[in-house]
Amino acid sequence: MSGFVSPVCALIFAPLLVGIINRTKAVVAGRRGPPLVQPYWDVAKYLQRGVVYGEVTSWLFRLGPVVNLASLAAALLIVPFGGLGAPLNFSGDLIVLAGLLALGRFATVLAALDTGSSFEGMGASREVHFAALAEPTLFLALATLARVTGSFSLTPIYQGFTATVWVHALPAVVLVAMTLLILELVENNRIPVDDPTTHLELTMIHEVMVLDHSGPELAFIHYAAALRLWILGSLLVGLVVPFRSGSFWLEGTAMLLGMAVLAVAIGAIESTMARYQLIRVPQFILGAATLSAVAFIIILV
Amino acid sequence: MVMVFATAILLLLFGGFLAVVLCARSGVSQVAGQVGAISGSALGLVSAIRVLLTGKAEGMSSVWHMPGGSLHFQIDVLSAFFLLPVFGLSILAALYGRSYLADRKGGYALAGSWFHLNMLTVGMALVIAAHDGLLFLLAWEIMALSPFFLVAFDDQKAEVRKAAWIYLSATHLGTAFLLIFFVLLGRLAGTSDFDGYAAALRDNPALSSTMFLLALIGFGSKAGIVPTHVWLPEAHPAAPSHASALMSGAMIKVGIYGVVRTLTFLGAPEPWWGWLLIAIGASSGVLGVLFALAQHDLKRLLAYHSVENIGIILLGIGIGVLGLAEGIRPLAVIGFAAGLLHVLNHSIFKGLLFLGAGAVQRAAHGVELEELGGLLKRMPWTGATFLIGATAIVGLPPLNGFVSEFLLFYASFFAVVQPAVNIAVAGLIVLVVMGLIGGLAAACFAKAFGVVFLGSPRSPEAGEAREVARPMCAAMAILALLCVVFGLAAPTVVSALDRVVAAATGLTIGAARDQLTAVTGPLTIAISVFAVCIVIAASVWAVRSRRLALAAVRTAQVWGCGYPKPTPKMQYTASSFVQPLTTQFHLFVRNREVLVPPEGYFPASASYSSESSDPFLRGLFAPVFRWFDYLSHLEIFQHGLVHGYVLYLVITLVALLIWGSVW
Amino acid sequence: MLPFLGIIQALGLLTSFALLGTRSKGAGPQWLAFQGLLCGLVPIIMHADGLTTQVVLLAIGNIVLKGIVFPWVLLRLRARAPYHREVVPFIGIVGSTLFGIPVLALSVWLALRMTPALKHAPFVMLVLSIFLIFVGLFLIVTRRKALMQVIGYLVLENGIFVFSAIAISGTLLLVELGVLLDAFVAVFVMGIAILHINSEFGFMDVDQLTALRG
């Protein structure tokens, strides 16, 4: 049952990633920062709270966070954890992954529009804009990996990156990894795309979309955001950490360490970079797409 | 047993004629039209389903021979498959139509609309069943003309008349190419029967390619590929919504039927046909959704999405043709399966969305997005079914749109891992294009659904909207249910496609079935993932309900940055929602903007309005039509003198006689 | 050998795309310096099994000139220049980046066609050299500012250098010296010209030079 390691790890450790990122940012800024487990306390606290709904909201507003969380949790069934396969793998599972990510986003966007508030409309508008560009980029990156390994199912792709394949395709791997890093930042609304900590509505994307959610639904949103961070992150780390020893413990430990390093790296990026102007973000995503396109052409022949 | 089909056609015709005959008594006339349409289409549906189940073609050849052709009908598997959306949507359109038209006056116009609606169904069914070139063209003309009258339903409005004329010009531009196509084919084959066509072109690739191009332009203009799509966004907003549903759900698919049918005549395809189809599919798909983004008339938006979905269908067929040409069988089978399944799926969700738009139009007296809002609470059935349709058309799991897009993505990924470089590149292009289309379509329907059904009403009419009549809700609910069923029963649906795909690709049924089994396995697991997703959603919902039972739940105003009295006009509008995207793609989407900025310290008035115009209509067709205006100088020949007209006849007759005797 | 060349190819392509997509001041010469450094490494890796003094000298000369001297000159020029960025290139940076992808595909195709004639040339380097030549030409054609045009010229030169390093075995030095001399002269002539144009007319837009027509 080693297949279930990946979703279980994700369910347990995903909020920890957020904790590490926040701690890193605090340390760089010279503060002590919240405890690493603070995101867990936050989720638990919101679960206990009551709810305030906007006057014009309908059932869609209540359903949105639930669908978002469910689609991301279901996606865990097909996301491999490095060489450790996912519980389910089948040709074309990466299409299902993209579909589930899109479903979660669509639900969040509609819930935001249900408030009738112009702030949330603004956030939703930006979200769909960047997502429309990020989706083909994700497919470019996945297509490159598929071509390298000759398979189009996530688990065989990631298990296919043995040391020899990895070294042989190193340039492409580096380029795709850079694409995936950018996608991780874009899809999870981190700096330099979006600032998850600011509360100035005009500059936010994700935070402003979920501004009017509260109580258990806010808990779902926070937890789902951590899962999304985990899913895209494990695609990246699985590519960069080329341990395919077959040893369960070694690979698992390497991947967990890799995820921690990724979280620290995101924290470092957030501490050292400024948010881009919104108008620059599409160019940022286009750059990511270019990297993967170049990688695809390199390994084409 | 082709008699069932013939009876179906006769019932449709009878209903239409009865409606016209009884037009003095509006109620009876409408019932006659509706009953004729429903009973005829139901019978037709039965005959189509039986052919699909048995796989045996049913033919009927009349003893009566037309000059130059024969009355040869044949319903094979391919025809039966394309008859499904025609008859299925016809039933639902008729069910919906009478309630939709309930508040309209004018017995003659109403009777006419029923007559033409039934004629449209008859025309489409005959086109699909025709097995003879000349017969095909005749039926094509019936199918092409009836929508003109449907579009011109509100003919007292100038813009409706304009839309009807644009439709008529566009459709005849395509017919012209089809005329050349069938005349050339007929001359080559020495017969106008479809059976003779294949033999004539077997060993002549150059000729096959010419024929392919002619058919692609002719059928493509009916299907609405870019740049011949210009009639769609004009015709659909003008026509009654149930007619739009039938036109967009079924009629444009007849164009696709033409392309697929032609491919079966032409023998082994060339690789560049596949590339051309992919290029056309990609440009139609991306441009269609980009133009759709800029619209703020709900029906125009849906019309542009038809262009997008025709693009997706052609991408599938293009990949399939490429696979056939390069001898990669899985690619051929899955590509065609993706395209054909999307034909069916698109007719379901686009029919649903047009019916939903019609319901909105009836309830809120308009489909201008900036005047709507908050309808989900006021029209729960329409809202929920429209949401299902929107989710399906965006291609999100677990609905039917996802299934056909899954097949297309699957075929593209399969192409990407092939050793051949050109195949891999084709696969990558389709992948990227499909990703972009998916993302943009999600943006577009987030806008459409969000602005129409969510938030609060932006006009008094929208605020007073009430749910529409039962039959209309029923029609929408049936289609929404089909979206869900075709999504969750995907493996069954896909494996049932084996005969149709075999007929379209020319492979054996066994070969098609083998390749489809490779996809149904993954699809089954994918569906189980979605099942898990639904279970998780249900349990999370249960957690939420239990928590909320214990905690305080109250309502309040949403945060307005400290502004306590927001009005509905302050909501994000459709235009502002997509402004970043339209700006990003300003190369293709040109908005005409009129800005009156506020002036002075106490500005009295200010306004901004934007209007999106189709660059192809403006840049490509307007100059052509201007050129046609010069031809109006030929009016001197139309002088109204009967003697003169008889003289023309005589001159023509003499000229023909001389021509005939010299050659 | 191949993994190293693969990495150099990937990084070389990256620098080219960075040059196509850059608009911030100072980024151009820096990317160029990095690219010069990478290209200078190519002959050393190519002849790793039998390094001769000639090859080493050539490589060092290249790295010094194109990795350090030319970029430094350009940076100095930029520091004196009145403008901060390539204001409006004839083709925008998004367009340029998107343009790069089909051109890269074209380079791969051309390299495939050339491989039979150049048996010893590593395929990845062939692709890189052809792509660099195209990018150089593209920059020269589409950029308004003389600075970016000089950079384009040097990218073109990098392409020729890589090509000669992998394709020509015997007369490497001769060919390369000739080209290098051209580049050297070009940079200084252009550099001096830019400065003089700038001090004389107060602008560096090349397209405005049409005003000088008699």
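Here, the structure is the one placed above.
Residues numbered from 1 in each chain as written. Chains lettered and ligands numbered in written order. Predicted model: local features only at pLDDT ≥ 70, side-chain atom pairs only at ≥ 80, totals over all residues. Heavy atoms only, no water.

Visitor: Can you explain the arrangement of the chains? Please cite residues and give values.
Guide: Highest in contacts among the two pairs of chains that touch are chains A and B. At the C-alpha level, the nearest point of chain B lies 10 Å from chain C, with no contact between them. (Contact = heavy atoms within 4.5 Å.)

Visitor: Any chance you could break down the interface of chain A and chain C for me, citing the residues and the numbers?
Guide: The partner chain C presents 19 residues to the 15 residues of chain A that form the contact. Interface area, chain A with chain C, both sides summed: about 1400 Å², of which 87% is carbon and sulfur. For chain A, the biggest contributors to the area lost against chain C are Leu286, Ile297 and Val301 of chain A; these three give 33% of the whole. Our count for the chain A to chain C interface comes out at zero residue pairs in polar contact (both at pLDDT 80 or more). For the side of chain A that touches chain C, the elements supplying multiple residues, two or more each, are helix H8 (170-187) and helix H12 (281-298) of chain A. Ranked by residue count, the leading element in the side of chain A that touches chain C is H12 of chain A, at eight residues. (Buried area = accessible area lost by both parts, 1.4 Å probe. Polar contact = N/O pair within 3.5 Å; in protein donor to acceptor, adjacent residues only side chain to side chain. Helix = DSSP H or I, 4+ residues; strand = E, 2+ residues; numbered from the N terminus.)

Visitor: Go over the environment of phenylalanine 134 of chain C, please, and point to the residues and values.
Guide: All names here are of chain C. As for its placement among the helices and strands, phenylalanine 134 is situated in helix H5 (residues 123-142). On the basis of relative accessible area, phenylalanine 134 is assigned to the partly exposed category, the value being 27%. Separated by 57 residues in the primary sequence, phenylalanine 134 and leucine 77 place their C-alpha atoms 25 Å from one another. Ignoring any residue separated from it by four or fewer positions in sequence, one finds phenylalanine 134 in contact with Val103, Leu106, Ser107 and Leu110. (Buried < 20%, exposed > 50% of the residue type's maximum accessible area, 1.4 Å probe, protein only.)

Visitor: Could you give me a rundown of a nonpolar patch on the surface, with the residues and numbers involved?
Guide: Residues Val624, Trp627, Phe628, Tyr630, Leu631, Leu634, Ile636, Phe637, Tyr645, Leu647, Tyr648 and Ile651 of chain B make up a contiguous nonpolar surface patch of about 1200 Å² in total accessible area. Its place among the elements puts leucine 634 of chain B in the loop between helix H24 (615-630) and helix H25 (642-662). (Patch = residues over 30% accessible without salt bridge, like charges linked within 9 Å, V, L, I, M, F, W, Y side chains within 5 Å. Areas by Shrake-Rupley, 256 points an atom, 1.4 Å probe, with all protein chains shown as cover. Salt bridge = Lys/Arg side-chain N within 4 Å of Asp/Glu carboxyl O.)

Visitor: Describe the side chain of lysine 299 of chain B, naming the residues involved and giving the relevant values.
Guide: All names here are of chain B. Residue placement: lysine 299 occurs in helix H12 (residues 298-326). Look at lysine 299: it is buried, it has no salt bridge, and the nearest opposite charge is aspartate 297 at 7.3 Å. Polar contacts involving the side chain of lysine 299 include one to the side chain of serine 241, which spans 2.8 Å. Excluding its chain neighbours within four sequence positions, the residues that come into contact with lysine 299 are Tyr100, His236, Pro237, Ala239, Pro240, Ser241, Phe354, Ala357, Gln361 and Val367. (Lys, Arg positive; Asp, Glu negative; His and termini not counted.)

Visitor: So, the interface of chain B and chain A: which residues are in play, and what are the values?
Guide: A common way to express how large an interface is: the accessible area buried when the components associate. With 72 residues of chain B at the interface, the matching set in chain A holds 74 residues. Summed over both partners, the interface of chain B with chain A comes to about 6300 Å²; 78% of that surface belongs to carbon and sulfur atoms. Linking chain B with chain A are one salt bridge, by the criterion used here. Where glutamate 217 of chain A meets arginine 544 of chain B, a salt bridge forms, and the shortest distance between an N and an O atom there is 2.5 Å. There are 16 residue pairs in polar contact (both at pLDDT 80 or more) connecting chain B and chain A.

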